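# Topology and contacts: notes
Listed below, chain by chain, are the residues.
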Amino acid sequence: MSPTPLTVATAPATLSPMSRSALILIHAVASCAMALHGDIAHAQVPEPTALVDQQHCMFCHTSDAPFLAPSFRQIAQRYRDKPDARFMLEDKLRHGGKVHWGDMAMPLPEDRGGPLSAEDAHTLVQWVLSQ
Ligand code: HEC
């Protein structure tokens, strides 16, 4: 088989300079959009560090390894696609509730470092579910 002289590589040379730069531009925009999309797909809600410290979340949880408690990644996997779950979780963080993972319940906010406002519970749950 002999190589065909007109390959994909030579094809753009036959385009006018105008459309060549347009192609390059489109390519640049497309790669940009893809990079951006990738960022969003992996974006994490920034850790609300002060809250997490104050409530000692990392005393029992880690981001990706089950320890004394399920990892935040496990929790996110379980609830991410359940739209109502975050209300249950926010309420549970503030007032406690049924155990869902094992025998050990999560301590109430008072025993974790202080009362937790609805807004702070919301922030924490959003962060957990983004992991
Ligand atoms: C003293 C240990 C401890 C601390 C501190 C702690 N957790 Fe937990 N957490 C647990 C345990 C144990 C479970 C599993 C409870 C269960 O089975 O529902 C749990 C479960 C959870 C769940 C899933 C609840 C469910 O119903 O599935 C979320 C969300 C969560 N923790 C978030 C947090 C956040 C956010 C903090 C900090 C504000 C925190 N935890 C602090 C021990 C802890």
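Residues numbered from 1 in each chain as written. Predicted model: local features only at pLDDT ≥ 70, side-chain atom pairs only at ≥ 80, totals over all residues. Heavy atoms only, no water.

### Considering the overall build of the protein
For the protein, the count of helices and strands is seven helices and zero strands. Each helix and strand of the protein, placed in order from N terminus to C terminus, yields the pattern α-α-α-α-α-α-α. Counting only residues that meet the buried cut, the protein has 24% of its 131 residues in that class. Sequence-distant contacts, at least 24 apart, represent 56% of the contacts inside the protein between residues at least 6 apart. Counting only carbon and sulfur atoms, one obtains 65% of the accessible surface of the protein, whose full area is about 9400 Å². (Helix = DSSP H or I, 4+ residues; strand = E, 2+ residues; numbered from the N terminus. Buried < 20%, exposed > 50% of the residue type's maximum accessible area, 1.4 Å probe, protein only. Contact = heavy atoms within 4.5 Å. Areas by Shrake-Rupley, 256 points an atom, 1.4 Å probe, with all protein chains shown as cover.)

### Thoughts on the coordination of the iron atom of the ligand
Here the iron atom of the ligand is held by the protein donor atoms His-61 (NE2) and Met-106 (SD), which lie 2.0 Å from it. Between the six donor atoms coordinating the iron atom of the ligand, the angles at the centre fall across 83 to 179°, so the site counts as octahedral. Linking His-61 in the loop between helix 3 (57-60) and helix 4 (72-79) with Met-106 in the loop between helix 5 (85-95) and helix 6 (109-112), this pair joins segments that are 45 residues apart in sequence. Assessed through its relative accessible area of 9%, His-61 is described here as buried. (Donors = N, O, S within 2.8 Å, 3.2 Å for Na, K, Ca; no water. Tetrahedral: all angles 85-135°; square planar, octahedral: opposite > 155°, others 65-115°.)

### What about the site of the ligand?
As a structural note, the neighbourhood of the ligand is formed by 26 residues, with Cys-57, Cys-60, His-61, Tyr-79 and Met-106 the closest of them. Within the contact set of the ligand, a nitrogen atom lies 2.8 Å away from a side-chain nitrogen or oxygen of His-61. Those elements giving two or more residues to the shell around the ligand turn out to be helix 3, helix 4, helix 5 and helix 7 (118-129). Among the elements that make up the shell around the ligand, the one with the highest residue count is helix 5 (four residues). Across the shell around the ligand, the residue classes break down as 18 nonpolar, five polar and three charged. (Near = heavy atom within 4 Å. Polar contact = N/O pair within 3.5 Å; in protein donor to acceptor, adjacent residues only side chain to side chain. Nonpolar A, V, L, I, M, F, W, Y, C, P; charged D, E, K, R; others polar.)

### A word on the UniProt feature "binding site: heme c" (unreviewed entry) in the protein
When the UniProt feature table is mapped onto this chain, "binding site: heme c" (unreviewed entry) is found at Cys-57, His-61 and Met-106. A maximum C-alpha distance of 10.4 Å among these annotated residues, which run over 50 residues, shows that they cluster at one spot. Taking relative accessible area as the criterion, Cys-57 reaches 14% and is therefore assigned buried. Residues in contact with Cys-57, not counting those within four places in the same chain, are Val-52, Phe-72 and Leu-124. Leave out the neighbours within four places in its chain, and His-61 touches Ala-69, Pro-70, Phe-72, Ile-75 and Met-106. (UniProt positions renumbered as here; feature names shortened; annotations may be inferred.)

### Observations concerning the nonpolar core
Formed by 16 residues in total, the largest nonpolar core has its most connected members in Phe-72, Tyr-79, Leu-116, Leu-124 and Trp-127. Secondary-structure elements contributing two or more residues to this core are helix 2 (49-54), helix 4, helix 5 and helix 7. Residue contributions to this core peak at six residues, all from helix 7. Non-local contacts of Leu-124, meaning those with residues more than four positions away in its chain, are made with Pro-48, Leu-51, Val-52, Cys-57, Leu-93 and Leu-116. (Core = buried A, V, L, I, M, F, W, Y, C linked by side-chain atoms within 4.5 Å.)

### A short note on the packing of aromatic side chains
By the definition in use, this model includes one aromatic pair. Relative to Trp-127, the ring of Phe-72 lies with its centre 5.2 Å away and its plane at 70°, an arrangement referred to as edge-to-face. One end of the pair, Phe-72, is in helix 4; the other, Trp-127, is in helix 7, and 55 residues separate them in sequence. A relative accessible area of 4% places Phe-72 in the buried class. (Phe/Tyr/Trp six-rings, centres within 6.5 Å; stacked < 30°, edge-to-face > 60°.)

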